[in-house]
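Spelled out, the chains give:
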Amino acid sequence: MQSTAAYHSEEPSLSDYLHNLDNELSGFFASSNQWLIAEGVNKTFSERATLDDSAALDEKLHHHLHQQSTKHGAPALAIGALPFDDQHIAHFIIPERLHSLTRETTANNATVIPKLVQRREVPEPAHFLESVEKALTRIAESDLLKVVLSRTLELEFEQKINLPALIERLAAHNRCGFTYALNLDNSKQDERYFIGASPELLVSRDGLHVVANPLAGSRPLSQDAAVNRERAAELSSSEKDLHEHALVADAVADALRPFCRAIAVPSGPSLVYTDSMMHLSTRVVGTLREPYPSVLELVKALHPTPAVCGVPRADAHQTILELEAFERELFTGAVGWVDAEGNGEWAVTIRCAEVGGNALRLFAGAGVVAGSSPHHELAETGAKFGTMLRALGLPPLQEVLA
């Protein structure tokens, strides 16, 4: 991605950068082969910008990115996050300095956190099970085919979280996915970051080349290789999971087709693995047609996918508003970068947390379709908390809550 060239060429380690930046870390985005580190803030946008206003947002970002590129004599980009729905705030940062590093593969095993002193699940497991039961009833009695229901885990520690170490561990353990961090306050007095390690590419645009990689249908990973082989075989043949995945993959391909003169969709899903989960995956690849859309236009067309909302979208969204016990805000939104040419890479904001001082709020969700088991969906959300818990140096959820 030449469009993301660094403003300067030194390449120290990620740890060096995160601990020794001259200015505040304003954003971080890692894909499979590079880290983008945003230092300081040249311009920030935190506003109730709906996806319907993406053309105006594109124009605003385009103007400021060209100004920044001219100033530094090198391409500039904005790192940002969009909320799940237009009732919440979108955040974009054009940094004062941008560092682009070749991705390291070594893991940092340093302790990240002090002692855990308080925890809370929202909703409590029993209430989450009731919500899944209500969703299944609605699916049986209406046109609703799928809805994604979520919960949170709130953790409080004795001391402030070591944010650079946490980001470093997330990136090291998420080598094939997308690791991200965004400063939501831009204030050293009241630091609040949104961080995560998503396995799911919403969409990328590089010139005329566009890629989306929806995931749906999951199983937790075991420490036993034989158990993982059994789970992989079961997931690959599960009628319920293949149906759930097809709803997502078909919706993504249909949303991209109007923008493409050619598009390739595999005949069936493959399996991809994260540090804690296995997922059914479909990689959709297209070639754009004129007029060429920016990556934010593609995000608008796709978001929210059935992987984080449901089918039909409007019915699923209404069900989420009625059944979920918290506001998602940036969870199940999109996070990534865009440059002045409209190129960019955007991941779905899952496996994530809000970090402020000595507290974290973790998020996880599961897709409910006909045939879903409430207890299975509860267990799936617990397994998805594992990505962040492992990076924090904590045991799995059932042990954290013991």
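Everything quoted here is computed from the prediction, not taken from an experiment. (Residues numbered from 1 in each chain as written. Predicted model: local features only at pLDDT ≥ 70, side-chain atom pairs only at ≥ 80, totals over all residues. Heavy atoms only, no water.)

## Some words on the overall build of the protein
Thought 1: Along the protein, the regular secondary structure elements total eleven helices and 22 strands.
Thought 2: Put simply, the protein has 402 residues, and 57% of those count as buried.
Thought 3: In the protein, 75% of the contacts between residues at least 6 apart in sequence involve partners at least 24 apart.
Thought 4: When the accessible surface of the protein is totalled, it reaches about 16400 Å², and 48% of it is carbon and sulfur. (Helix = DSSP H or I, 4+ residues; strand = E, 2+ residues; numbered from the N terminus. Buried < 20%, exposed > 50% of the residue type's maximum accessible area, 1.4 Å probe, protein only. Contact = heavy atoms within 4.5 Å. Areas by Shrake-Rupley, 256 points an atom, 1.4 Å probe, with all protein chains shown as cover.)

## Overview of the sheet that holds strand β14 (residues 260-264)
Thought 1: Strand order in this open sheet of nine strands is β3-β5-β4-β19-β20-β11-β12-β17-β14, and the pairing throughout is antiparallel. Looking at the sheet topology across the chains shown, the edges are occupied by β3 (43-47) and β14. Strand-to-strand twist across the sheet, computed as the mean angle between neighbouring axes with direction ignored, equals 10°.
Thought 2: Relative to strand β5 (residues 90-94), strand β4 (residues 77-82) is paired through three bridges, and the arrangement is antiparallel. Bridging from a neighbouring strand, Ile 79 pairs with Ile 93 of β5. (Pairing = 2+ DSSP bridges. Axes fitted to C-alpha atoms, helices over the stretch in contact; angles between N-to-C directions.)

## Remarks on the packing of helix α3 (residues 125-141) against helix α8 (residues 313-323)
Thought 1: Viewed as axis vectors pointing N to C, α3 and α8 meet at an angle of 150°, and their least axial separation amounts to 11 Å. Relative to α8, the element α3 is oriented roughly antiparallel. For the pair α3 and α8, the crossing hand works out as right-handed. Residues Ser 131, Lys 134, Ala 135 and Arg 138 of α3 form the contact with α8, whose own contacting residues are Thr 319, Glu 322 and Leu 323.
Thought 2: Of the residues belonging to the contact of α3 with α8, the class tally is two nonpolar, two polar and three charged. (Parallel < 35°, antiparallel > 145°, perpendicular 65-115°, else oblique. Left-handed = near helix turned anticlockwise from the far one by under 90°. Nonpolar A, V, L, I, M, F, W, Y, C, P; charged D, E, K, R; others polar.)

## With respect to the confidence of the model for the protein
Interpreting fine coordinate detail is not advised for predicted regions of low pLDDT.
Thought 1: In the predicted model, the protein carries a mean pLDDT of 87, and 88% of its residues have values of at least 70.
Thought 2: When the elements of the protein are averaged for pLDDT, helix α11 (residues 397-400) gives the smallest value, 55, and strand β17 (residues 284-288) the largest, 98. (pLDDT = per-residue confidence, 0-100.)

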